[in-house]
Every structure is written in structure tokens, then in C-alpha cells.
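Coordinate inspection notes
These are the residues of each chain, in order.
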Amino acid sequence: MPDKGLRELYIDELKDLYNAENQLVKALPKMAKASSSDKLRQGFVAHLEQTKGHVQRLEEIFERLDQSPKGKKCVAMAGLVEEGSEMINEDFEGDVLDAGLIGAAQRVEHYEIAAYGTAKAFAELLGESEDVSLLDATLSEEKETDEKLTQLAETINKQANEAPKLESRSEKKHVRRIA
Ligand code: FE
Ligand code: FE
């Protein structure tokens, strides 16, 4: 009979997060590169730096717990990252693509907010107060990032809605679809 408790589940959740954050370290430069808006690009670059810090905080926790951070793949993050790259490869550009990138990035932030919230609650119950502070520091940054993205979306979505709908592009698309 399996006999794993909350502590083992906590370690599992942390491994999942560690893998998720490392996937983001690779994905965020691509999101930045695909952005048209300077503010959005700078936002992705800034969050990349924060994300490297999230990896370090998790490494610190694993060291404290005397555990290895490796051994899990976060399939949810792999899916979210895949959706982000699909967005980049669609026929969207400029403000419209930016609006799509923000949507993809906010899905990522919400996933992280949920995962860090869970991990923090487990750390509290397990009496790992230093972990609680570290997890909370990252959780705050994820929430701030989500809010910044919402603010950026307010302008960018409007610009996307005003963007000229190029006849030639939609015709091209139509031809491709019926071809
Ligand atoms: Fe993160
Ligand atoms: Fe994040």
C-alpha cells in the first residue's frame, strides 16, 4: 500500500514547480521576441529575470529540505507553453498578436498562482516557515505580473481592435483555407 503523506506531496508539488519555472526560463525569451509592444517585451524580459529568481528560491527550499529538485515534468506548463508558441505561429501580428501573447502569459501566471498558493498552504501546515516566506515572495511577484499584464491588455486590446483589417491578408487566409 502506498504510504505517502502531505510532506511527500509537498515535495512533489515543489518538483513540479521547479520544472515549470525552468520551462518558463526557456519560453519567456521567445514571448519577448514575438512582442511588438516595447512595454510588453520589457515586461517579459523583466519577468524572465524574476523567474530565474523563482528557480533559485526553489533551489534554496530543496537544499533546506535536503531533497533533489529534479524528477518531475510539469505537463500542465508544457501545455501552456505549447499554446503560447501556437499563438506565435498563427496568422496574427502586431497588437493582435500582443493581445494573444498576454492571454497566454496570464494563463501561465494563474497556473503558477494556484500552484504556489497550494505549496505555501502545505508549507504552513508542515511548519516550514522559511519555505512559507520564500514561496510567498514568489507568489507576490506572480500576482504583480498578472496585474501588470491586465493593465497592458487594457491598452493593447483596444489597439488590436482598432488595427486595420487588411483586406489582402484576410483574402490570402481565405484562399489558403479553401485551397
Ligand atoms: Fe514563476
Ligand atoms: Fe510567472
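Residues numbered from 1 in each chain as written. Chains lettered and ligands numbered in written order. Predicted model: local features only at pLDDT ≥ 70, side-chain atom pairs only at ≥ 80, totals over all residues. Heavy atoms only, no water.

This part covers the layout of surface pockets. There is about 470 Å³ of room inside the largest pocket. Lining the largest pocket are 29 residues; nearest its centre among them are Leu 28, Met 31, Phe 44, His 47 and Ala 105. Of all the secondary structure elements, the ones that give two or more residues to the lining of the largest pocket are α1 (6-34), α2 (38-65), α3 (75-89), α4 (94-125) and α5 (129-162). Residue composition of the lining of the largest pocket, by class: 16 nonpolar, seven polar and six charged. (1 Å grid on protein atoms, 1.4 Å probe; cavity = no way out; pocket = protein on both sides within 12 Å on 5 of 7 lines; lining within 4 Å. Points joined across faces, edges and corners; volume = space filled by probe spheres on them. Helix = DSSP H or I, 4+ residues; strand = E, 2+ residues; numbered from the N terminus. Nonpolar A, V, L, I, M, F, W, Y, C, P; charged D, E, K, R; others polar.)

On to the coordination of the iron ion (ligand 1), then. Surrounding the iron ion (ligand 1) are the protein donor atoms Glu 21 (OE), Glu 21 (OE), His 54 (ND1), Glu 112 (OE) and Glu 142 (OE), which sit 2.0 to 2.4 Å from the metal. Sequence spacing among the residues donating to the iron ion (ligand 1) works out to E-x32-H-x57-E-x29-E. In this structure, the iron ion (ligand 1) lies 3.3 Å away from the iron ion (ligand 2), the two metals sharing Glu 112 as a donor. Taken as a pair, Glu 112 in helix α4 and Glu 142 in helix α5 lie far apart in primary sequence, 30 residues in all. Glu 142 matches Glu 112 in its accessibility class, with the two residues each being buried. (Donors = N, O, S within 2.8 Å, 3.2 Å for Na, K, Ca; no water. Buried < 20%, exposed > 50% of the residue type's maximum accessible area, 1.4 Å probe, protein only.)

On to the packing of α1 against α2, then. One can describe the packing of α1 onto α2 by two numbers: an axis separation of 9 Å at closest approach and a directional angle of 155°. By the criterion of interaxial angle, the relationship of α1 to α2 is roughly antiparallel. In this structure, α1 crosses over α2, and the sense of that crossing is left-handed. For the contact of α1 with α2, the class distribution of residues is 19 nonpolar, four polar and six charged. (Axes fitted to C-alpha atoms, helices over the stretch in contact; angles between N-to-C directions. Parallel < 35°, antiparallel > 145°, perpendicular 65-115°, else oblique. Left-handed = near helix turned anticlockwise from the far one by under 90°.)

Attention now moves to empty space enclosed by the protein. Over the atoms, a rolling probe the size of a water molecule traces out where space has been left empty. By the definition in use, this model includes one cavity of 30 Å³ or more. Looking at the largest cavity, its volume works out to about 30 Å³. Around the largest cavity, the lining residues are His 54, Arg 57, Leu 58, Ile 61, Tyr 116, Leu 134, Leu 135 and Thr 138. Contributing elements (two or more residues each) for the lining of the largest cavity: α2 and α5. Considering every element that reaches the lining of the largest cavity, the biggest residue donor is α2, with four residues.

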